[in-house]
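# Fold and geometry: a report
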Amino acid sequence: MKFDICVVGLGYIGLPTASIFAARGKRVYGLEVNPRVVATINGGDIHIVEPDLDVLVRAAVQSGNLVAGTIPVEAETFIIAVPTPFQHASGDPVPDLSYVESASRSIAGKVAPSSLVILESTSPVGTTEKVKEWVDGERARLGLPATPGAHYVHCPERILPGQMLKEIVTNDRLCGGLTPAAAERARDLYRVFCNGEIHTTDARTAEMVKLTENSSRDVQIAFANELSLICDRLGISVWEVIRLANRHPRVKILQPGPGVGGHCIAVDPWFIVHSAPDLAQLIRTARQVNDQKPAWVVDRVKGLASRLKEPVVACLGLAFKADVDDLRESPSVQIAEALAHLPGVSLLVDEPNVNELPVPLRKANVRKVAAAEAIAGADVVVLLVNHRQYLSLDRDLLRDKVVIDTRGIWS
Ligand code: SAJ
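Residues numbered from 1 in each chain as written. Predicted model: local features only at pLDDT ≥ 70, side-chain atom pairs only at ≥ 80, totals over all residues. Heavy atoms only, no water.

### What to know about the sheet that holds strand β13 (residues 367-368)
Remark on secondary structure: sheet strands pair via backbone hydrogen bonds, oriented parallel or antiparallel. In space, the five strands of this open sheet follow the order β13-β12-β11-β14-β15, with parallel pairing throughout. The sheet terminates laterally at β13 and β15 (402-405), the two strands that pair on one side only. Two elements, strand β11 (residues 312-316) and strand β12 (residues 346-350), share five bridges in a ladder whose sense is parallel. Pairing of Ala314 across the sheet is with Leu348, part of β12. Of the strands in this sheet, β11, β14 (380-383) and β15 touch helix α11 (residues 281-305), which is tilted by about 175° from β15. (Pairing = 2+ DSSP bridges. Helix = DSSP H or I, 4+ residues; strand = E, 2+ residues; numbered from the N terminus. Contact = heavy atoms within 4.5 Å. Axes fitted to C-alpha atoms, helices over the stretch in contact; angles between N-to-C directions.)

Structure below.
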């Protein structure tokens, strides 16, 4: 059977995309390298945490419209939704396109002259052109005829973890084609579920737009984080400064925190830096400011704890942001790990959204305890994530404690 859509990569973006197309009547195949993920999805379950995604996937699988597998299939449209991380290099980090390359090569044998190939992964400028080159090159290597009529488009995902199923429908979409006809075909496809406006442009512009969105947020958070350092030195509350400055009609400062985490905002600006290292000065500096914030928090805790005999420190929250269970690239994990290795310091950690602490913390004999218990047993309380549980915490528990509130929720 020929599928309408083959989604390559069933992770945080591929799975919601595959299942929403399937829910709207498209016959979707999810191509996934991990056989355990394939088995989970074909069983109607999910392997990631996202509100309501389990219901959508189960319905899609039960309807017969969504099937997962490890072997490439023929389809009218291919959607590549694989990770685009960076590699640490001696200078600035370098984009790692190996997953996109192997995804492109894996579908090459199934791409037909009329196929539509969509790259959803956030990618450096020029990657959609490379996808076409990888597909064409692989077909040549396999001795298959060229497919000059195939269309290539970049349609970056822009959905916010925690609100994916709402945003996938309501956000505006961007379809950047290697040709105008390619962009128009993608636009017609996304109309199946997208209620937002769908904008067509060229592929390089679409790639740059997505990187610009996340870099803009990174730069704005860096401004707030830099302010927090300056205000701390001057003995002024940064939260009060931002609250009052934001009363100006044209000022909208974001919130400082313990650093910037996740797989997007802390990564994508480096793709811009890599493409124009001599010009991207502000963007690079913003990355550095945000990356240095966890060490600053650790130093503050160290300074305060050093005044106490055998101090016990409680860290509240490990996730990369509020009300998610995602600990990947989390500045809070980085801070907790550094504190766990401070000589003479005992550490207690609460993270309400996971069952177990990450391995390095377990290895360092850090105990996972509920927030109230952690606070009761601690001399120093470090609030790292603004989870909803902490917003409503009984403030009396904090009396007589040294408190470092990196999110300003108790200020
Ligand atoms: N953060 C702050 N202060 C703030 C806002 C955020 O310190 O005022 C921190 C968070 O705690 C977190 C990090 O920044 O560590 C990123 O969180 P986020 O909520 O800003 O963004 P993500 O990474 O969850 O999702 C972003 C979104 N991009 C934009 O808002 C421009 C989302 O729309 C994208 O789809 C996603 O990246 C992506 O996949 O690229």
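### Overview of the state of the cysteines
Within this structure, the stated rule accounts for zero disulfides. Here Cys6 stays free of any disulfide, with the sulfur of Cys155 as its closest cysteine sulfur at 16 Å. (Disulfide = S-S within 2.5 Å.)

### Remarks on the pairing of strand β1 (residues 3-8)
Across the six residues that make up β1, a large majority, six, are buried. Taken together, the five bridges between β1 and strand β4 (residues 75-80) define a ladder with parallel strand orientation. Within β4, the residue paired with Cys6 across the bridge is Phe78. Alignment of β1 against strand β2 (residues 28-31), held across four bridges, turns out to be parallel. Looking across to β2, one finds that Val7 is bridged to Gly30. (Buried < 20%, exposed > 50% of the residue type's maximum accessible area, 1.4 Å probe, protein only.)

### Considerations on the nonpolar core
One broad trend across soluble globular proteins is that nonpolar side chains are buried collectively. Formed by 40 residues in total, the largest nonpolar core has its most connected members in Ile41, Ile118 and Tyr190. Among the elements of the structure, β1, α1 (14-23), α2 (35-42), α3 (53-62), β3 (66-69), β7 (116-119), α6 (164-170) and α7 (180-190) are those that each provide at least two residues to this core. In this structure, Ile118 is in contact with Thr77, Phe78, Ile79, Ile80, Val153, Cys155, Ala186, Leu189 and Tyr190, ignoring residues within four places of it in sequence. Ala340, Leu342, Val345 and Val382 belong to the second-largest nonpolar core, a separate cluster that totals 29 residues. (Core = buried A, V, L, I, M, F, W, Y, C linked by side-chain atoms within 4.5 Å.)

### Things to note about the site of the ligand
Taken together, 20 residues surround the ligand, and among them Glu157, Lys210, Arg217, Gln255 and Phe320 come closest. The separation between an oxygen atom of the ligand and a polar side-chain atom of Asn214 is 2.8 Å. Coverage of the ligand by the protein chains reaches 88% of its 770 Å² of free accessible surface. The residue makeup of the shell around the ligand, split by class, is nine nonpolar, four polar and seven charged. Counting contributing residues, the shell around the ligand receives three or more from each of domain 1 (3-196) and domain 2 (237-405). (Near = heavy atom within 4 Å. Polar contact = N/O pair within 3.5 Å; in protein donor to acceptor, adjacent residues only side chain to side chain. Areas by Shrake-Rupley, 256 points an atom, 1.4 Å probe, with all protein chains shown as cover. Nonpolar A, V, L, I, M, F, W, Y, C, P; charged D, E, K, R; others polar. Domains from an automatic or database assignment.)

### What to know about the sheet that holds strand β9 (residues 173-177)
Spatially, the eight strands line up as an open sheet ordered β3-β2-β1-β4-β7-β8-β9-β10, and their pairing is mixed. Only two strands of the sheet have a single partner each, and these edge strands are β3 and β10 (198-202). Adjacent strand axes in the sheet meet at a mean angle of 25° when their direction is disregarded. On top of the sheet, helix α4 (residues 98-108) reaches β1, β2, β4 and β7; it is set at about 170° to β4, its chief contact.

### Description of the packing of aromatic side chains
Counting across every chain of the model gives four aromatic pairs. Look at Phe21 and Tyr190: their rings are 5.8 Å apart centre to centre, the planes differ by 45°, and that puts the pair in the tilted class. You can see Phe21 sitting in helix α1 and its partner Tyr190 sitting in helix α7, a full 169 residues away along the chain. Here Phe21 falls in the buried class, since its relative accessible area comes to 0%. In this structure an aromatic cluster arises from ring pairing among Phe21, Tyr190 and Phe193. (Phe/Tyr/Trp six-rings, centres within 6.5 Å; stacked < 30°, edge-to-face > 60°.)

### Here we look at helix α12 (residues 331-340)
Buried residues dominate α12, accounting for seven of its 10 residues. The inward-facing, buried residues of α12 abut α11, β11, β12 and α13 (359-363).

### Things to note about the domain arrangement of the chain
You can read the domains of the chain as domain 1 (3-196) and domain 2 (237-405). A separation of 33 Å is found between the C-alpha centroids of domain 1 and domain 2. Domain 1 puts 14 residues into the contact, and the matching count from domain 2 is 12 residues. In total, about 1,200 Å² of surface goes out of reach between domain 1 and domain 2, with carbon and sulfur atoms giving 67% of it. (Buried area = accessible area lost by both parts, 1.4 Å probe.)

### Let's talk about the packing of helix α10 (residues 268-275) against α11
Where α10 meets α11, the axes come as close as 9 Å, and the angle between the chain directions of the two elements is 145°. When you trace α10 past α11, the crossing you get is left-handed. Between α10 and α11, the residues in contact are Pro269, Trp270, Ile272 and Val273 and Ile283, Arg284, Arg287 and Asp291, respectively. A per-class count over the contact of α10 with α11 returns five nonpolar, no polar and three charged. (Left-handed = near helix turned anticlockwise from the far one by under 90°.)

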